[in-house]
Amino acid sequence: MARRTGLSVSAIRFDADEDVVAPAGYTRAGYRCYDARDEFRRVTPEAVRPAVDMLLNAWNAALGQPAYLTSTVAEILGTPPRTFRHWVADHTAASTAAPDPTN
């Protein structure tokens, strides 16, 4: 984490000891392990941490949940919404076809 954030090892240790950012875990040798969330929280200014924490918690809660769909797409386009997977399947041929030599 020190190399990625530019923080000193002692600053990171101090934050862990003061429970500013607790490590996600420890290696067998006792080294602290930090994940991307810990790293992001460490380099985020204090003033925006509550907002960042709220967004990270919302993101975490949404993982593995079905997407929230509204009727807006159908109202605007006149067709029901599709998943990204279906869109890719419908457009793969266009993106992989050889270029038209007349263009």
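Residues numbered from 1 in each chain as written. Predicted model: local features only at pLDDT ≥ 70, side-chain atom pairs only at ≥ 80, totals over all residues. Heavy atoms only, no water.

**Side note on the overall build of the protein**
Secondary structure summary: the protein contains 6 helices and 2 strands in total. Ordered by position from the N terminus, the helices and strands of the protein form the series α-α-β-β-α-α-α-α. By residue count, 14% of the 103 residues in the protein fall in the buried class. Contacts spanning at least 24 positions in sequence make up 22% of the contacts within the protein whose residues lie at least 6 apart. (Helix = DSSP H or I, 4+ residues; strand = E, 2+ residues; numbered from the N terminus. Buried < 20%, exposed > 50% of the residue type's maximum accessible area, 1.4 Å probe, protein only. Contact = heavy atoms within 4.5 Å.)

**Some thoughts on the pattern of salt bridges**
For the coordinates displayed, the defined rule picks out 1 salt bridge. Arg82 serves as the salt-bridge partner of Asp90, at 2.1 Å between the closest nitrogen and oxygen. The partly exposed category is assigned to Arg82, whose relative accessible area is 46%. (Salt bridge = Lys/Arg side-chain N within 4 Å of Asp/Glu carboxyl O.)

**Overview of helix H4 (residues 49–62)**
Counted at 1.5 Å a residue, the expected span for H4 with its 14 residues is 20 Å, and the 20 Å between its end C-alpha atoms agrees. One or two steps after H4, the chain reaches Gly64, where phi turns positive at roughly 80°. (Expected span 1.5 Å × (residues − 1).)

**Some points on helix H2 (residues 9–17)**
Counting along an α-helix, one turn takes 3.6 residues, and residues three or four places apart therefore face a common direction. Of all the residues in H2, the buried ones are Ile12, Asp15 and Ala16. End-on, the buried residues of H2 take up no more than an arc of 100°, which puts them together on one face. Along H2, the residues that are exposed and aim more than 90 degrees away from the buried face are Phe14 and Asp17. (Arc of directions from axis to C-beta.)

**Focus: the confidence of the model for the protein**
Within the protein, residue pLDDT values average 79, and 88% of them lie at 70 or more. Per-element mean pLDDT across the protein ranges from 71 in helix H3 (residues 36–43) up to 88 in helix H5 (residues 72–77). (pLDDT = per-residue confidence, 0-100.)

**Quick notes on the environment of Arg4**
Structurally, Arg4 is set in helix H1 (residues 2–5). Placed 35 residues apart in sequence, Arg4 and Glu39 show a C-alpha to C-alpha distance of 8.5 Å. Ignoring any residue separated from it by four or fewer positions in sequence, one finds Arg4 in contact with Tyr34 and Glu39.

**Looking at the packing of aromatic side chains**
Inspection of the entire model under this criterion finds 1 aromatic pair. Ring geometry for Phe84 against Trp87: centres 6.0 Å apart, planes inclined by 15°, an arrangement best described as stacked. Linking Phe84 with Trp87, this pair stays in helix H6 (residues 84–96), spanning 3 residues, or about one helical turn. A relative accessible area of 41% places Trp87 in the partly exposed class. (Phe/Tyr/Trp six-rings, centres within 6.5 Å; stacked < 30°, edge-to-face > 60°.)

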